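This is what each chain is made of:
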Amino acid sequence: MATMETKAAGGIGDAVLRKEDRKFVTGEGRYVDDLRLPGMLHAVFVRSPFGHAKINGIDTSKAEALPGVHRVLTHATLPAETGVLSASNPPGSDVRQPEQPLLARDEVRYVGEPVAIVIADDRYIAKDGADLVLVDYDPLPVVCDAEAALADGAPLVHSEYPDNAAATISHETDGFAEAMQGAARTVELRVVNQRVTPMPMETRGCIGDWQQATGEVTLYTSTQVAHFVRTFVSIVCGTSEAKVRVVTPDVGGGFGAKLNTYREEFAVCSASRAVGVPIKWIEDRSENAVATIHGRDQVQYYTAGVDESGKVVALKFDAIQNNGAYHQLLTPSISHLTVFMVPGCYDIQNISIRMRQAFTNTTPTDAYRGAGRPEATHGIERLMDAIADDLGMDAAEVRRVNFIKPEQFPYSSSTGLVYDSGEYDATLDEALRLSDYAGFEARRAASEANGKYRGIGLSTYVEVCGLAPSAVTAAIGIGAPGWEHSTVRLHPTGKATVITGTSPHGQGHATSWSQIVQTELGIPFDDVEVIHGDTAFQPYGLGTYGSRSLAVGGVALYRSLGKVREKAREIAANLLECSVEDLEWTGTSWQVKGSPDRAKTIQELAGAAWAASSMPEGVEPVLEATTFHDPPNFTFPFGTHVCEVEIDPATGRIEIVNYTAVDDCGNVINPLIVDGQVHGGIIQGLGQALYEETVYGEDGQMLTPTLVEYLVPSAADVPEMTLARTTTPSPSNPMGVKGIGEAGTIAASSAIVNAAVDALSGLGVRHLEMPMQPARVWGAIQEAKA
Amino acid sequence: MIPSTLEYTKASSIDEAIAAVQAGARPLAGGQSLMPMMRLRLAAPGAVVDLGGIAELVGVCEDGDEIAVGAMTTHRAVAADPLIGEHCRVVAQAASGVGSLVIRGRGTIGGSLAHADPHGDLPAAILAVGGAVIARGPGGERRIEIGDLITSYLTTSLADDEIITQVRLPKGNGRSAYAKFHRRAIDWSIVGVGVAIGADGVRAAATGVADRPVRLAGFEAAINGGASAEEAARAAGEGIDPTADLDGSTEYKRHLAGVLAAQAHQAAQG
């Protein structure tokens, strides 16, 4: 009989419940809007109702006369050193950085652009005041579609840029043209990755508190990147970075929308400076739809040169990215991430890429869960199906023919990345098995007998995450490094505090980091506190985005734990009167090799290090260590998702009847948290595939400004999902971890669309754009039948 | 999402409510339509009078050939009411599918009719059975047939100082059903169709295909003329011209009206 290995729950690999959840589910979370400072006033922004207009003048007198209104600030009266700054300048792209003042000066360029800020006793009065601010606008011509914006004669978003071009990234490998010319056949596909809105549960919001006497400013803000915000507040508002404190209390989701620095964050600081009291602004849901960044909005043209085996011998990718009216923190770099991942998990060495970025009269786009990589994956995965269709091959087989093989790792991609590790056939095999791919035709026949179309779709993805080696971020024109900080502090009683530079806003770092401490240092899960989100006491941290927290911040923690453990060893050797070489680590204590009775627990050593009465020569008191970890490479999680759908021809409704995801994110700290990330990621991909689209009308008005028009899926719209994993540890870090925050979103949309196209392929349908709302699907069926 | 400043009063009798309405207050029923509009500042009444404290506006009873439903009866109560279920199943079904459980627990039948949303389910269901409302103003009560009540988008023939006190549902519509189509589990209907098989034939009424609930004359004529449900479905789009929007084209909505009419007709026979 096999013996069961027992280990305390709470270490690496254990599916422990999240320690932070109690406060959230009992309503004890503390968000920005829960904070109330003495004397605090409330701000509401006056926003442009036009997609593009000249401002002739602003009359604030009526608003200022409303009882309870303290001040109305406009561009002319709000102090600021600069406008919003972008940290993104992709090399060779001739990127243009239009000025983005905190409040519009003489022109507005998208619906929702802030024009004035009303400061009042409460939010209600401020809103009434905002309605009384009279702005004299002359509407100007608008262009919202990126392809239209780049066409000759388009209305100009910025009159100084006569072609609306924001940036162009080009890349071609030597020998591409010959390879394309020599291809047996070519397959072409146009794919639209529509604009979507991030929609975190907690909208944005902030409180600025400027101390007049000292010039110190504290900004409480709902962000993923507190230190970025601090640096930028000091520059934009014109004060010393050392005088700026940024606090992030609990943050209710971000999805990339809070990986940014926004006008409102600077404006409340400057307004607090002008008015002399703390000022709070809380974004409402409708405001969130126009004032917070959007995601995606990319049109792609693929031409694949293919040989008769289905192998892609050359790939041309020509795309247009809609950047919106201005550049936010990373706008021009998002489609650069698409560029990196154009070849996906396939060995495509001959490649030609052009990514044209356009200004339009829309809210700026920036990072949204996956940030450029979902666009690449969706496109290449649609293309693989188109190739399979063209050659009459099975969709799985065409992928196998093109996969990068396990022996090719580390693999240098044609776009300049080095993939760390992967075994793509393994996740494909497992996903096909779990989804009973082999038995699909029988299920299709059963559905057809029932009057329904049934289809199955694959998405075999790889993504680049763990952002990022600092030399690489510099080389690709991102004005910020990619390292991460950790501090581990042991208290005299043997408890531990972890200070992390990551910025959890739903990811469960308090839990995962505690598990790492338990395994690496032997301090129980419950004895660990994880703190974050206040630049006053934390060393610089880069925050949470790009599925980086574990692969960079977790590894920074792992390294600090190693430092503490080694220091404890020296102290133990001194106490046990032996040499450090005589000691072995038991998981919870240092003991003399082979002598369990001669040991010191980590808690005893923490106390001894604090008491400091018997320290080895040259060793400082206290067990505490800090690490700034700069990763040597990105990490590259991968996997296969299989979706099976049924389509009702009477209405065009798509029902997901099976969904299987086999993901490989390297070693796993907490399987529950990984499953949660995959579930949520898939749902966001499903939202884009079936429901969500941010739509602008010809006149520049947003047609989806509320959750009645912008359809976010609810729990009732989500199918059962079968999840499984393979484990291919990353060789890029000592923990072998990769990252899972975005993988589900990156994978899901193409699996769902591929399934729907497959369902209708018998009718001759070759492609469907997202969202695949019933009317669009029904229309495609009618068109195919006609 | 912040309403403008307003006066709020809660009436304890119909007369008190009418007095407030005469003074310019907007009647507030369950608040499931008016409140969102106020939060979006699409509506900005200076005053509202809450009808939630008027006991006589709540409840369902038989009254001759009709069922009298108090205007402030919630969707949840309508959906569960045995009288309505027996005599006007289409109305109970429509009520059971409005919004979410929380919305059905607050939203009311009278509020739904007075709000006159062109995608509302209850107006179409009540039109299918030929219902009416009782409106009361300072000059007394009058009866308004449902087809005469809703005149356009969010517009009714109620006078400014009238409120709906009762909804009248004719008995004899037990063989009736409601079918609707929407994108997510909880959403406004893109199109919804109520069908009632009465003594004088089949009546079908749709929401989402015009600026008000309308009878599907093409479907009715075909089915009453002996056509199959499938044939009648093809005729359902005759005479309606739904507006194309993000939910679909005119052609798609006409098609949906037919699909749903046939579904409801099938269900009504059970």
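Residues numbered from 1 in each chain as written. Chains lettered and ligands numbered in written order. Predicted model: local features only at pLDDT ≥ 70, side-chain atom pairs only at ≥ 80, totals over all residues. Heavy atoms only, no water.

## Here's the deal with the overall build of chain A
Scanning chain A from N- to C-terminus turns up 20 helices and 28 strands. For the C-alpha atoms alone, the extent of chain A along its principal axes is close to 90 × 75 × 50 Å. With 786 residues in all, chain A has 64% of them scored as buried. For chain A, long-range pairs separated by at least 24 residues make up 80% of all intrachain contacts whose partners lie at least 6 apart in sequence. As presented, chain A carries roughly 27,400 Å² of accessible surface, and 51% of it is formed by carbon and sulfur atoms. Averaging the locations of the 61 positively and 99 negatively charged side chains of chain A gives two centres separated by 3 Å. (Helix = DSSP H or I, 4+ residues; strand = E, 2+ residues; numbered from the N terminus. Buried < 20%, exposed > 50% of the residue type's maximum accessible area, 1.4 Å probe, protein only. Contact = heavy atoms within 4.5 Å. Areas by Shrake-Rupley, 256 points an atom, 1.4 Å probe, with all protein chains shown as cover. Lys, Arg positive; Asp, Glu negative; His and termini not counted. Charge placed at Lys NZ, Arg CZ, Asp CG, Glu CD.)

## A short note on the nonpolar core
All names here are of chain A. The biggest cluster of nonpolar side chains holds 99 residues, and the ones touching the most others in it are V233, L315, L383, I387, Y419 and Y424. Taken domain by domain, the makeup of this core includes at least three residues from each of domain 1 (38-367) and domain 2 (420-467 + 634-780). Ignoring anything within four residues of it in the chain, the contact list for L383 reads V187, L189, Y302, A304 and L315. (Core = buried A, V, L, I, M, F, W, Y, C linked by side-chain atoms within 4.5 Å. Domains from an automatic or database assignment.)

## Some words on the interface of chain B and chain A
Chain B puts 22 residues into the contact, and the matching count from chain A is 30 residues. Counting each side, the surface lost to burial between chain B and chain A is near 2,300 Å², with a carbon and sulfur contribution of 61%. Taken as a group, I2(B), R183(B) and R184(B) account for 33% of the area that chain B buries against chain A, more than any other trio of residues on that side. Viewed at the interface, chain A and chain B are joined by two salt bridges. Of the charged contacts in the structure, one is a salt bridge between R41(B) and D131(A), with a shortest N-O distance of 2.5 Å. There are 13 residue pairs in polar contact (both at pLDDT 80 or more) connecting chain B and chain A. The element contributing the most residues to the side of chain B that touches chain A is helix α12 (residues 250-268) of chain B, with five residues. (Buried area = accessible area lost by both parts, 1.4 Å probe. Salt bridge = Lys/Arg side-chain N within 4 Å of Asp/Glu carboxyl O. Polar contact = N/O pair within 3.5 Å; in protein donor to acceptor, adjacent residues only side chain to side chain.)

## Section: the confidence of the model for chain A
When pLDDT is averaged across chain A, the result is 96; 99% of the residues are at 70 or more. Under a pLDDT of 50 for its full length, residues 1-6 of chain A has, in the predicted model, zero contacts with residues more than four places off or in other chains. (pLDDT = per-residue confidence, 0-100.)

## Focus on the domain arrangement of chain A
Residue and element names in this part refer to chain A. For chain A, the domain assignment lists domain 1 (38-367), domain 2 (420-467 + 634-780) and domain 3 (483-629). Each of domain 1 and domain 2 has a C-alpha centre, and these two points are 28 Å apart. At the junction of the two partners, domain 1 supplies 31 residues and domain 2 supplies 28 residues. Summing both partners gives a buried area of about 2,300 Å² for domain 1 against domain 2, and 58% of it is carried by carbon and sulfur. Ranking the residues of domain 1 by area buried against domain 2 places Q194, M341 and C345 at the top, with a combined share of 25%. For the pair domain 1 and domain 2, the interface holds zero salt bridges. The tally of links from domain 1 across to domain 2 stands at 12 residue pairs in polar contact (both at pLDDT 80 or more). Residue assignment for the side of domain 1 that touches domain 2 shows that the elements contributing at least two residues are β8 (185-196) and α8 (285-291). With eight residues, the single largest contributor to the side of domain 1 that touches domain 2 is β8.

## Quick look at the packing of helix α18 (residues 671-691) of chain A against helix α19 (residues 743-760) of chain A
All names here are of chain A. Two elements in contact, α18 and α19, have axes whose closest approach is 7 Å; the angle formed by their N-to-C orientations is 40°. The angle between the axes of α18 and α19 places the two elements in the oblique class. The hand of the α18/α19 crossing is right-handed. Where α18 abuts α19, its residues V678, G681, I682, Q684, G685, L686, A689 and L690 lie against G744, T745, A748, S749 and I752. Of the residues contributing to the contact of α18 with α19, the split by class is seven nonpolar, six polar and no charged. (Axes fitted to C-alpha atoms, helices over the stretch in contact; angles between N-to-C directions. Parallel < 35°, antiparallel > 145°, perpendicular 65-115°, else oblique. Left-handed = near helix turned anticlockwise from the far one by under 90°. Nonpolar A, V, L, I, M, F, W, Y, C, P; charged D, E, K, R; others polar.)

## Quick word on the domain arrangement of chain B
Partitioning chain B into structural domains gives domain 1 (7-48), domain 2 (60-170) and domain 3 (179-268). Just the C-alpha atoms count here: the centres of domain 1 of chain B and domain 3 of chain B sit 33 Å apart.

## Thoughts on the pairing of strand β11 (residues 244-247) of chain A
Residue and element names in this part refer to chain A. Bridge analysis of strand β10 (residues 217-221) against β11 gives four bridges, and the strand direction is parallel. Residue L219 lies in a different strand from β11, and its bridge partner there is V246. Each parallel crossover has a hand, and for β10 linked through helix α6 (residues 226-237) to β11 it is right-handed. (Pairing = 2+ DSSP bridges. Right-handed = clockwise from strand over helix to strand, strands pointing away.)

## Observations concerning the packing of helix α10 (residues 373-391) of chain A against helix α11 (residues 395-402) of chain A
Residues and elements named next belong to chain A. Running from N to C, α10 and α11 cross one another at 110°; their axes reach a closest spacing of 9 Å. One finds that α10 runs roughly perpendicular with respect to α11. Seen along the crossing, α10 lies across α11 with a hand that is right-handed. Taken together, the residues of α11 that come into contact with α10 (itself represented by E381, M384, D385, I387 and A388) are A395, V398, R399 and N402. Broken down by class, the residue content of the contact of α10 with α11 amounts to five nonpolar, one polar and three charged.

## Considering the sheet that holds strand β2 (residues 26-28) of chain B
Residue and element names in this part refer to chain B. The strand order across the open sheet built from three strands is β1-β3-β2, with neighbouring strands paired in parallel fashion. The open sheet has two edge strands with one neighbour each: β1 (7-10) and β2. Averaged over neighbouring strand pairs, the angle between their axes works out to 30° when direction is ignored. Relative to strand β3 (residues 47-50), β2 runs parallel, the two sharing three bridges. Following the sheet pairing, P27 is matched in β3 by V49.

## Digging into the pairing of strand β6 (residues 132-137) of chain B
All names here are of chain B. Taken across its six residues, β6 has six buried, putting it largely inside the fold. Burial along β6 is two-sided: the residues A132, I134 and R136 and V133, A135 and G137 are all buried. What sits between the antiparallel neighbours β6 and strand β7 (residues 140-145) is a turn of two residues.

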